[in-house]
Amino acid sequence: MRRTLIAGNWKMNGSLQSITELMDGIKAGLNEVDNADMAVCPPAVYLMKVKGLIGEANIGLGSQNICDQASGAYTGELGPSMLKEAGCKYAIIGHSERRSLYGESDELVAKRHAMAVESGITPILCIGETLEERESGVTEAVVARQLDAVIDTQGIEAIGKCVIAYEPVWAIGTGKTATPEQAQAVHAFIRAKLSALSTHIADNVQILYGGSMNAANAKDLLSQPDIDGGLIGGASLKAEDFLAIGKSA
Ligand code: PEP
């Protein structure tokens, strides 16, 4: 039985004051979330602060990226041992904003994935098509290519150690959510593709949906058979909305 995971991607938002208030709010309502694991992915500069704010609460911590190298002359990157020291359980990898705004290729994302797995950090591997790709009918080919970049270099076992986040790029931060049927169709495709290599991994890997998920649409999305949670951007910045998504599971 796959657990539901609701992970908040705070992106480049927040201040010491606002993240303290946000974490206080999340912790205050956490006991009402019965059927989901919750995680937050703050900007790197706040990771250790948030770890302290989490305290004993059952909230996972994640970074928004991880370096593909262990340490050394990689200015601006975050080393895996540093992220572990900061208390990270997860690292978001290959977010579409990293791919489109900072030119991260499938190959680099796969290397980051390998470093996370090697370090015992669970990658949240983001994949998804642009609007243009969807309209030209290549959605499945795009997500297959993004998955194959990891599988071809690290084997299907590496997928067994990650969480996949299917995030149609046209739905991220736009308020245009994929319908539950659209999302389910791609999630089912991903699981079927993995199943051809390992039914065990396909049956057990968590596949999250991301793209304008909010308190109003979460229940319908999360009730789809192959949707195992959400990667939440905007709605993770308000404790009430983030908790409401967790409670919809
Ligand atoms: C995201 O950034 O991963 C995301 C899903 O953002 P939003 O929920 O704001 O669309």
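Before reading further, recall that the structure is shown in the block above.
Not measured: the values here are computed from a predicted model.

Structural notes on unusual backbone geometry
Positive phi is not limited to glycine here, since lysine 11 has a value of about 50°. By the element assignment, lysine 11 lies in the loop between strand E1 (4-9) and helix H1 (16-29). Phi at serine 212 takes a positive value of approximately 55°, unusual for a residue other than glycine. Here serine 212 lies in the loop between strand E7 (207-210) and helix H11 (218-222).

Observations concerning the environment of proline 42
By secondary structure assignment, the location of proline 42 is in the loop between strand E2 (36-41) and helix H2 (47-54). The exposure class assigned to proline 42 is buried, which follows from its relative accessible area of 0%. Counting along the chain gives 32 residues from proline 42 to tryptophan 10, while the straight-line C-alpha distance between them is 5.2 Å. Excluding residues that lie within four positions of it along the chain, proline 42 makes contacts with Trp10, Leu47, Val50, Leu61, Gly62 and Gln64.

Quick word on the pairing of E7
Residue alternation in E7 divides its side chains into two sets, Ile207 and Tyr209 and Leu208 and Gly210, and both sets are buried. Bridge count between strand E6 (residues 163-166) and E7: 3 bridges; the pairing is parallel. Its bridge partner lying in E7, alanine 165 is registered against leucine 208. Bridge analysis of E7 against strand E8 (residues 229-232) gives 2 bridges, and the strand direction is parallel. The partner of glycine 210 across the bridge, within E8, is leucine 231.

Details of the packing of helix H5 (residues 106-119) against helix H7 (residues 139-154)
Relative orientation of the contacting elements H5 and H7 amounts to 50°, with a least axis distance of 9 Å. Considering the angle they form, H5 stands oblique to H7. Note on packing geometry: the crossing formed by H5 with H7 is right-handed. The segment H5 lies against H7, with Asp106, Ala110, His113 and Ala114 engaging Arg145, Gln146, Ala149, Val150, Thr153 and Gln154. For the contact of H5 with H7, a count of residues per class yields 4 nonpolar, 4 polar and 2 charged.

Let's talk about the nonpolar core
Judged by nonpolar contacts, the single largest core of 64 residues is most densely connected at Ile26, Val40, Ile159, Ile164 and Ile190. Aside from chain neighbours lying at most four places away, what touches isoleucine 159 is Leu125, Leu147, Val150, Ile151, Ile164, Leu194, Ile201 and Val205. Judged by nonpolar contacts, the second largest core, of 12 residues, contains Leu5, Tyr90, Ile124 and Leu231.

Looking at the site of the ligand
Around the ligand, the structure places 14 residues, and the nearest of them are Lys11, His95, Glu167, Gly173 and Ser212. Within the backbone of glycine 173, an N or O atom sits 2.6 Å from an oxygen atom of the ligand. A distance of 2.7 Å separates an oxygen atom of the ligand from a polar backbone atom of serine 212. Within the complex, 95% of the 290 Å² of free accessible area of the ligand lies under protein. Considering only residue class, the shell around the ligand consists of 4 nonpolar, 8 polar and 2 charged.

A closer look at the side chain of serine 119
On the secondary structure map, serine 119 appears in helix H5. A distance of 2.5 Å separates the side chain of serine 119 from the backbone oxygen of methionine 115, its partner in a polar contact. Those residues within four positions of serine 119 in sequence are excluded, and the remaining contacts are Pro80 and Lys84.

Overview of the sheet that holds E2
With respect to topology, 8 strands assemble into a closed barrel ordered E1-E2-E3-E4-E5-E6-E7-E8, the strand pairing being parallel. For this sheet, the mean angle separating the axes of adjacent strands, direction not counted, is 25°. Relative to E2, E1 runs parallel, the two being bridged by 6 bridges. What sits directly across from threonine 4, in E2, is alanine 36. Of the strands in this sheet, E1, E2 and E8 are in contact with helix H12 (residues 239-248), which crosses E2 at around 150°.

Considering the packing of H1 against H12
Between two packed helices, both the angle of their axes relative to each other and the distance between the axes serve to describe the pair. At a closest axis distance of 9 Å, the pairing of H1 and H12 adopts a crossing angle of 35°. Relative to H12, H1 is oriented so that their crossing is right-handed. The residues of H12 that touch H1, namely those facing Leu22, Gly25, Ile26 and Gly29, are Ala239, Phe242 and Leu243. Partitioning the contact of H1 with H12 into residue classes produces 5 nonpolar, 2 polar and no charged.

Reading guide: rules and limits
- Residues numbered from 1 in each chain as written.
- Predicted model: local features only at pLDDT ≥ 70, side-chain atom pairs only at ≥ 80, totals over all residues.
- Heavy atoms only, no water.
- Helix = DSSP H or I, 4+ residues; strand = E, 2+ residues; numbered from the N terminus.
- Buried < 20%, exposed > 50% of the residue type's maximum accessible area, 1.4 Å probe, protein only.
- Contact = heavy atoms within 4.5 Å.
- Pairing = 2+ DSSP bridges.
- Axes fitted to C-alpha atoms, helices over the stretch in contact; angles between N-to-C directions.
- Parallel < 35°, antiparallel > 145°, perpendicular 65-115°, else oblique.
- Left-handed = near helix turned anticlockwise from the far one by under 90°.
- Nonpolar A, V, L, I, M, F, W, Y, C, P; charged D, E, K, R; others polar.
- Core = buried A, V, L, I, M, F, W, Y, C linked by side-chain atoms within 4.5 Å.
- Near = heavy atom within 4 Å.
- Polar contact = N/O pair within 3.5 Å; in protein donor to acceptor, adjacent residues only side chain to side chain.
- Areas by Shrake-Rupley, 256 points an atom, 1.4 Å probe, with all protein chains shown as cover.

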